[in-house]
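Working through the structure, step by step
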Amino acid sequence: MTPILISALVFVGVTALIGLAAFVFREQGPQTATRLDLLIGKRSRQEQQAADILRKSAFEGDKKSLLEAITPKFLSLEKLFIQADCHIQPATLAGVGLFLAAMGATVTLVVRLPWWLAPINALVLFTLPGFWLYWKRSARIAAFTKQLPDALELVARALRSGQSLASALHVVAEEMPAPISVEFGRVFEEQNLGIPIEEAMRDMTERVPLSDLKFFVTSVAIQRQTGGDLAEILDKIGYIIRERFRILGQVAALTGEGRLSGIVLIALPFALFGFLLNTKPDYVKVLWETELGQQMSVAALVAQVIGALVIRKIVNIKV
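Described in the following lines is the structure provided in the data block. (Residues numbered from 1 in each chain as written. Predicted model: local features only at pLDDT ≥ 70, side-chain atom pairs only at ≥ 80, totals over all residues. Heavy atoms only, no water.)

1. Brief notes about the pattern of salt bridges
We apply this condition: We count a salt bridge whenever a side-chain nitrogen from Lys or Arg sits within 4 Å of a carboxyl oxygen from Asp or Glu. Where helices and strands are cited, they refer to DSSP runs of H or I of at least four residues and of E of at least two residues respectively, numbered from the N terminus.
One pass over the structure, following the stated rule, counts twelve salt bridges. A salt bridge links Asp 235 to Arg 160, with the nearest nitrogen and oxygen atoms 2.4 Å apart. Here the residue Asp 235 occupies a position in helix 13 (residues 230-254), and Arg 160 occupies one in helix 8 (residues 128-160), the gap between them amounting to 75 residues. Between Asp 282 and Lys 285 there is a salt bridge; the shortest N-O distance is 3.3 Å.

What follows is the structure, given as structure tokens:
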């Protein structure tokens, strides 16, 4: 390949990545500016929460797409988008994946790699938006989990001061950052619109699938039916969550070496295979062109899966 062609390919690739990053992250909005607007009074919490409730879901403009027509049969894609708080249309995200797949296949063929690498590279790049969506969901749930003990203590203090449960939820929406302020604010606005607060809180557990949050919602539902000191119950739940976080930190520190060893041992064969596949393809052809090589490949994959399950069982300690 000529230097000019290599430079052109690098330019196209970098431009595509920058454009993709700008398209994806433009949906997040300037959080710092929004926070400053709230502090100086330029924008109120009520306006922001009302806009969140009245804002249409990304699926409303995508109801007739092929993507949603086939996914509900085996996956609740809409719930995944809601839990990730992603307002990009599913068809748009799939289009980004198709663009990346086409770019990967084209680059593979242009640099004259083996033609059968093109579909493999295309499949890997096509799954990148899905991995990004799953990472965004996991990051949002993790942030909510860290904020939950403080929110429960704030609700308990508000209840002790004589406020109602709805007012206590409104205090959390006013005083704490996202994502917990958004979810509690939505519950407050929904009960203002006439939805029973128990139902609004159950809907919140669908948007944030956490067992600790379900404990909180269940305790509220039981207390509203039977009575009792809800503030004391919330204090105990918050204490249990904090203690579990502390134990989880100790477990993560003790099992860190095992987890890292597992990652290296599982990833090393695939990394070495990919390196040889792109540098010396003739060296690894025997793994699928000969009967003995095919048997060795199947045995290696089975051993990898068994090893991964064993390592996961060792380092995954339930708390």
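Once you've had a look at it, read on.
2. Regarding the packing of helix 9 (residues 165-175) against helix 10 (residues 180-192)
Formally: Angular values range over 0 to 180 degrees, each being the angle between N-to-C directions of two axes fitted as lines to C-alpha atoms, with helices fitted over their stretch in contact. Note: crossing handedness is left-handed where the near helix turns anticlockwise from the far helix by less than a right angle, and right-handed where it turns clockwise. In what follows, a contact means two residues having at least one pair of non-hydrogen atoms within 4.5 Å. Residues were grouped as follows: Ala, Val, Leu, Ile, Met, Phe, Trp, Tyr, Cys and Pro as nonpolar; Asp, Glu, Lys and Arg as charged; and all remaining residues, including Gly, as polar.
Close contact between helix 9 and helix 10 brings their axes to 8 Å; oriented N to C, the two are set at 145°. Pair helix 9 / helix 10 crosses with left-handed handedness. The residues of helix 10 that touch helix 9, namely those facing Ala 166, Leu 169, His 170, Val 172 and Ala 173, are Ser 181, Phe 184, Gly 185, Val 187, Phe 188 and Gln 191. By residue class, the composition of the contact of helix 9 with helix 10 is seven nonpolar, four polar and no charged.

3. Focus: the nonpolar core
Selection criterion: The criterion is simple. A nonpolar core is a set of buried Ala, Val, Leu, Ile, Met, Phe, Trp, Tyr and Cys residues joined through side-chain atoms within 4.5 Å. For every residue, the accessible area (1.4 Å probe, protein chains only) is compared with the maximum for its type, and the residue is labelled buried under 20%, exposed over 50%, or partly exposed between those bounds.
Grouped together as the largest cluster of nonpolar side chains are 33 residues, with contacts concentrated most on Phe 144, Val 155, Phe 184, Leu 213, Phe 216 and Leu 234. Residue assignment for this core shows that the elements contributing at least two residues are helix 8, helix 9, helix 10, helix 11 (197-207), helix 12 (211-226) and helix 13. Looking at this core element by element, the count peaks at ten residues for helix 8. What Phe 144 contacts, discounting residues up to four positions off in sequence, is Pro 179, Ile 180, Glu 183, Phe 184, Val 208, Leu 210 and Leu 213. Counting nine residues, the second-largest nonpolar core is a separate cluster that includes Ala 84, Ile 88, Leu 93 and Leu 133.

4. Details of the side chain of Gln 83
Rules: The term polar contact refers here to a pair of N or O atoms within 3.5 Å; inside protein, the definition further demands a hydrogen-donor-capable atom paired with an acceptor-capable atom, and it admits residues adjacent in sequence only when both atoms are side-chain atoms.
Note on placement: Gln 83 falls in helix 5 (residues 77-84). Residue classification places Gln 83 among the buried residues on the basis of a relative accessible area of 6%. Within the structure, the side chain of Gln 83 is placed 2.5 Å from the side chain of Arg 137, a separation counted as a polar contact. Setting aside its immediate chain neighbours within four residues, Gln 83 contacts Arg 137, Arg 140, Glu 206, Arg 207 and Pro 209.

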